[in-house]
Each structure stands twice: as C-alpha cells, then as structure tokens.
Amino acid sequence: MTAHWWRLAFRNLGRHGRRTLLTGSIVVVGFVATTMTAGFVAQTFIALKEATIKGLGGHLRLFNREAAGKTDDEAAQLLLENWEGVGDVVRKDPRVAMVMPRLSFFGLVVRGEKSAAYLGTGSIPELEKKASLAAETVIAGEFMKNPEADELMLGSGIARALDAQVGDLVTVMTTTADGTLNAVDATIVAILQYPIKELDDRLLIMPYGAAAHLLKAEGKCTSLVLTLKSADETDAAASDLAKGLSEAGIPAAVKTWFESASFYRQVRLLYLTIFSFMGAVLAIVVILAVANTMTMSVFERTREIGVMLALGMERSSVRNLFLLEGLLLGTIGSAIGAVLSLLLRSALNVSGIELPPPPGGTHGTTLYVLFIPGAYVIGFVLMTSTLLVASWWPARRAANLDPVGALTHV
Amino acid sequence: MGLLEARELSRTYRLGNEEVPALSGASLVLAPGELAVLAGPSGSGKTTLLNLLGLLDRPTAGTLLFEGRETAQLSESERARLRRERIGFIFQSHQLIPVLSAEENVAFALWLRKMPEETCRARARRMLELVGLAGLEGRRPDALSGGQRQRVAVARALAGEPALILADEPTASLDSDTATKLLDLFEEVHRLASVTILFSSHDPRIIERAHRQVDLRDGKIISDRRVASS
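Residues numbered from 1 in each chain as written. Chains lettered and ligands numbered in written order. Predicted model: local features only at pLDDT ≥ 70, side-chain atom pairs only at ≥ 80, totals over all residues. Heavy atoms only, no water.

Draft legend 1. Representation of the domain arrangement of chain A. Per the domain assignment, the segments of chain A are domain 1 (3-52 + 264-407) and domain 2 (81-221). Distance from the C-alpha centre of domain 1 of chain A to the C-alpha centre of domain 2 of chain A: 52 Å. (Domains from an automatic or database assignment.)

Draft legend 2. A look at the interface of chain B and chain A. Contacts between the two partners involve 25 residues from chain B, matched on the other side by 22 residues from chain A. Interface area, chain B with chain A, both sides summed: about 2200 Å², of which 60% is carbon and sulfur. A per-residue breakdown of the area chain B buries against chain A is headed by Gln95(B), Val99(B) and Trp111(B), which together make up 23% of the total. Counting across the chain B and chain A interface gives five salt bridges. (Contact = heavy atoms within 4.5 Å. Buried area = accessible area lost by both parts, 1.4 Å probe. Salt bridge = Lys/Arg side-chain N within 4 Å of Asp/Glu carboxyl O.)

Draft legend 3. Up close: the side chain of Thr44(A). All names here are of chain A. Its location among the elements puts Thr44 in helix H2 (residues 17-56). Among the residues examined, Thr44 registers a relative accessible area of 16% and is labelled buried. Separated by 2.7 Å, the side chain of Thr44 and the backbone oxygen of Phe40 make a polar contact. (Helix = DSSP H or I, 4+ residues; strand = E, 2+ residues; numbered from the N terminus. Buried < 20%, exposed > 50% of the residue type's maximum accessible area, 1.4 Å probe, protein only. Polar contact = N/O pair within 3.5 Å; in protein donor to acceptor, adjacent residues only side chain to side chain.)

Draft legend 4. Structural detail: the pattern of salt bridges. Taken as a whole and assessed by the stated rule, the structure comprises 37 salt bridges over all chains. Through salt bridges with shared partners, a single network forms among Arg7(A), Arg11(A), Glu103(B), Glu104(B), Glu117(B), Arg121(B) and Arg125(B).

Draft legend 5. Seen up close, the sheet that holds strand S4 (residues 61-66) of chain B. Residues and elements named next belong to chain B. Pairing in this open sheet of four strands is antiparallel, and the strands run S2-S1-S4-S5 from one edge to the other. Strand pairing shows two members of the sheet lacking a second neighbour, strand S2 (18-30) and strand S5 (69-70), which therefore form its edges. Pairing of strand S1 (residues 4-15) with S2 involves nine bridges; the strand directions are antiparallel. Looking at S2, one finds that Leu15 is bridged to Glu18. (Pairing = 2+ DSSP bridges.)

Draft legend 6. How the structure looks around the packing of helix H11 (residues 262-300) of chain A against helix H13 (residues 315-351) of chain A. Residues and elements named next belong to chain A. Where H11 meets H13, the axes come as close as 12 Å, and the angle between the chain directions of the two elements is 140°. Relative to H13, the element H11 lies oblique. Crossing handedness for the pair H11 and H13: right-handed. Along its contact with H11, which presents Met294, Ser297 and Val298, the element H13 presents Phe322, Glu325 and Gly326. (Axes fitted to C-alpha atoms, helices over the stretch in contact; angles between N-to-C directions. Parallel < 35°, antiparallel > 145°, perpendicular 65-115°, else oblique. Left-handed = near helix turned anticlockwise from the far one by under 90°.)

Draft legend 7. Summary view of the environment of Val166(A). With respect to the element layout, Val166(A) can be found in the loop between helix H6 (156-162) and strand S6 (169-175). Along the primary structure Val166(A) and Leu199(A) are separated by 33 residues, whereas in three dimensions their C-alpha atoms are 19 Å apart.

Draft legend 8. Geometry of the confidence of the model for chain B. Residues and elements named next belong to chain B. Chain-level statistics for chain B give a pLDDT mean of 90 and a share of 98% at 70 or above. Ranking the helices and strands of chain B by mean pLDDT puts S4 first, with 95, and helix H6 (residues 176-193) last, with 84. Both scores are given for the predicted complex: the pTM is 0.74, the ipTM 0.92. (pLDDT = per-residue confidence, 0-100.)

Draft legend 9. Fine view of a nonpolar patch on the surface. Residue and element names in this part refer to chain A. Taken together, the side chains of Phe10, Ile332, Ile336, Val339, Leu340 and Leu343 present a nonpolar region at the surface, about 550 Å² in accessible area. Sorting elements by how many residues they give to the nonpolar patch places H13 first, with five residues. Within the secondary structure layout, Phe10 lies in helix H1 (residues 3-15). Looking at Phe10, the relative accessible area reads 49%, which means it is partly exposed. (Patch = residues over 30% accessible without salt bridge, like charges linked within 9 Å, V, L, I, M, F, W, Y side chains within 5 Å. Areas by Shrake-Rupley, 256 points an atom, 1.4 Å probe, with all protein chains shown as cover.)

Draft legend 10. Structural view of helix H4 (residues 117-130) of chain B. Over its 14 residues, H4(B) extends 20 Å from the first C-alpha to the last, a length consistent with the 20 Å expected when each residue adds 1.5 Å. Residues of H4(B) that are buried include every one of Cys120(B), Arg121(B), Arg123(B), Ala124(B), Met127(B) and Leu128(B), and no others. As for H4(B), its buried residues are in contact with H1 of chain A together with helix H3 (102-111) and helix H5 (146-159) of chain B. Directly after H4(B), the chain includes Gly132(B), whose backbone phi takes a positive value near 80°. (Expected span 1.5 Å × (residues − 1).)

Written out as structure tokens, the structure is:
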C-alpha cells in the first residue's frame, strides 16, 4: 500500500469525526485496560512471588527423599540426617547464599486453661530473621535471638486464641520423631501478624536448638532451606544440586519454591483466568463496536465503492482499503492509549491507594502498577489485530458489492 | 475490427419471482473514434446497455467483444483491469470521492494503475488544465460547483488515456449553460484525443452533437443511424 492509500484511509476516518472518536475511544480504553491490568497483575505476581519465597524461607528446599509424597505425619518421622554435613556439600555451589535448617512439627500449645493446635517451625533465629517473612511481621515484642533458648513466637491469630501476650509462658506439646509425647515450657518473645490468615491462626516459631531438643532430633531437620543469590537460577541450581547430592550419596530430594508453593500457583492461575476472561470480554466489545462503525461506513459509502469498482479498483484493494482504516484506527488508538497509560500509571503510583489483602492475606498493600514494555507491545498487537478482525467482514462486504447495484444505491 | 461489438445482448433482472427484461437482443458495433449516443426515454434500457458495454455487468444472453476479445470468459480481475486501462466512466452525478481534492480524484484513476505518485499528480494537473480547472487542483468536491465537479469527472475519465469513454446522462444534474460548456468540452476532448465516446442520454443537446444515434425503446434498439452533427 503506497502513501496515497494510507492518506485516503486516514481521511476516511476523519469523515465521521464523532463516530471515529467514539470507536477510537474504545480502542484507547482497551489499550489502557490491557497495559494497566498487565502492570498491576505483574506487580501482584512479583509481590506474591517474593512473599512466597520469603514465606518458604528460600528458593530451594532439601528434604529426606523418602518423605516425598508422604503425609505430614509420615514425613515428620522422616528427617534429613546430619544437616550440617549436607550444608557443607551444598555450600560448595557458588549460587547458594544461605543454608538454613528447619524442623516442622505440630501439636498443642497450652496457656493456662486455653489450648490451640499449632504448626511449628524450629529455625536458627539469625538466619530466619534474614531469610523469611516472619521478621517483617512482628507486631509485639522482639524477634527471637538465642538459638538454644526455650522461647517462641506466635502468630497473632493463635495468640488471640490463647489470650497470650509477649512474656507469657506457654507449654508446647508435640510427638517426637520416635513417636513419644514430649513438652517444653517456653516464653513468648514476639507476636507476628502473618499475611496468610490460615497460617497466622496456627503459627509457632521457636529456635532450632529448642525445637530439636523437644523433638529429640538434634542434628536433623525436616528441610534444609537454601537461599540463592539470584532467583533466576532456581531451576538450574535445583537440578545441579540434586545431581551433586545423589553423587555424594546423600538421600535428599530438592524442591523449588514454585513446586512447594501450591497457594502461589493457585492464586496465579485464578488471576490469569479472571484477567483472560476480562480480556476476552474487552476484545468482543471492541470487535462489536468497530464492526458496527465499519458496517455503517460501508453502507454510507456504497455508491463511492461502486465508483471505485467501476473505475477498475480490484475487489481485494477495496477490501484492503477498509482493513487499512481499521489498522490506522487501531494504531492511532494504541498510540494515544500508550500515552494515557503512562500518565495514569504515574498518577496511580503516587496516589497511595491501599488495596485490600490478597486471597488468604491479613493486610493490604499500596497500589503499584509496574511498567512492562512487553504489555505495551502486546496491547498494540492485540488492539490492531482486533481492529483488523472487526473490519474484516465489513471490508469483505464492501469488496463483494455489485458495482451496478452500488452505483444506484440511495 | 470494432472497438466494441455487442451481439444480441440481453439482460434480465429478477424482481421477486418475476423476471423483468431490461434489454433484449441489442446488437451494436462501435468503431474507434466514434461520438455516439444511446437515446431513449427513461426505462428504455440505455443505462443497462451502457453498464454491459462498460463491463460493469454481465449479460444474461448474447456476446460482447472488447477490442476483438470475448469478454464472457474474462475473470473479475481481468474485467477490472480493462475498465481501469481502456475505459473511462462519467456518471450522472459527478461521483467524486469527497475526501480527495480535485487533483487527487483525477490521480485516483492512475493510482489504480500503480503509476508513480509524481506521474499521477503531473498527469492529473494536466488533465485539470485541459478541462479548464487549472488553479482549482487543491479543492475538494464540496468546494466546487456542479459544472466544475463534472469537469473533474471528465478529467478523471481522460486521465488513463482510455480507448472508450462511457458517459451516463452527464448533463442531467447541470443547468443549461453549464451543460453546454460541458458538451463543448466533450467535443474538444473527442477532437484532441480521438477517443470513442458513448453517451447515454435523452438530452436533445447531447443528441444533436453526436455523430451517431442509437435509439432504444423498451429494452430494444429500434434504430441506429449516423447523423450530421451541428
């Protein structure tokens, strides 16, 4: 298509300014909705990913190979032996930044006459503070410090159930690795408000030494959590470490944070499904609006199309002229949409709007829309291709007009 | 060999379940350089025959040869090529493209032939000058008078240097003075370009200037005669 056809298509758009403006506005709104949604969703996924990794304490988790696929009860009995030795092996990989043992256990915590079921974690305070989300969620007291002390931290939900406060003494009861009942008295040093409510209602964290003593599992751990220098290396590191551990004769399996985070995967799938559905609805609205405009345009220009055909214009060229108008409208609408998106994004990011907590969360976040260049490219491709699809049938109708009938059209 | 040879052309339209004959057994040979008119009252079949001769429509029966070539076998695309390269059309009301200037409207016929933009523009300007519209190249149709618009249509028809110009009631929407001037222009064009011109009209001013008059009544050619133009 040479310059004069583009010029003709452009002028035809200007012929019915108000109608073109209305259709163009739909394209602009479609583009803005696409880029803003993508920016918001991407930011949500990044935040959720970071929170998930922090919640898990690291990027990779090593555990007893035999515990894979077992129930929690069964897995609790299958601990990873000699975590320090395993740690020495994995630390040789330069991608590993930190190695932290964790003991997972459950049972009852009792304060006076009140008791509650808990999900417990035994961890090295200094490392836990660095690696996990827990340190950021302290709402009362101070994060535990002593790796051997009989102290613990509780989620705000379980603390409320026990009517417990910082400084109170509670009894933690559980079943040891060999199946006997054991208990320890520990002092509450901090209350945490964990962002996932279900966990907040059950959360108990205590130093690794105290937990190992309680479980009679000294030197062992349920999982060895590894923090990598870069999250991008997760899959490669997991594969290499699994191979290295196997070669070293250590019966440990490796799981990435993504494999462990079923909640993250579910939320991600839910969001993607919702936004795909919204995107499809948006595309249908744009297609209907543009098809309507183009059909009206073909109807009003029937005689003119007849003249063009009479003068020897190929039917395919008539069709292309209408498609070109659709393409131009999509391009101009996308360009305006891109500028508006950038302005709106800046405005929203400084607005400080607080969003409600995400699924399972206990506190909201400030609205932030990420700038994703790829979303702008996708928005452009989506809008122009939608416009082309919407223009196709009216364009085809124009191309198939009978010139004699078109010339006498009133 | 005639430029155009129609043998027993018929065209029937379907109106609901009824078949309405618009043209029956029309035979006609047009030689190069003729200035002829299809005359007759409204509904006599003039426009139907003109549409068939201009390859805008296909006959229900009969044969049409254009420059010796049987047209029934031509594809849509080949017919379109013949229209843009060998035939110029002038319609009852100018039928210009409203968003294009006078110059662009004339150049449009050349754009279809994929000629370079500068060549199109230069030839369009030359054609507009020929029809007396020099200086009005940049005006859009809505800024031109009825007569000027019809002149632009003449320039557009001439731009492709066709072998045949078909003009359907070209003076129908013009006042007497403008119509006379337009007919003077047609005569001038015919004389300068030696192009075959076939009018369809019942306007006596056109009929008296034509060198040949083909009369139609009720879809049939009732007479075909050479006349001495005034």
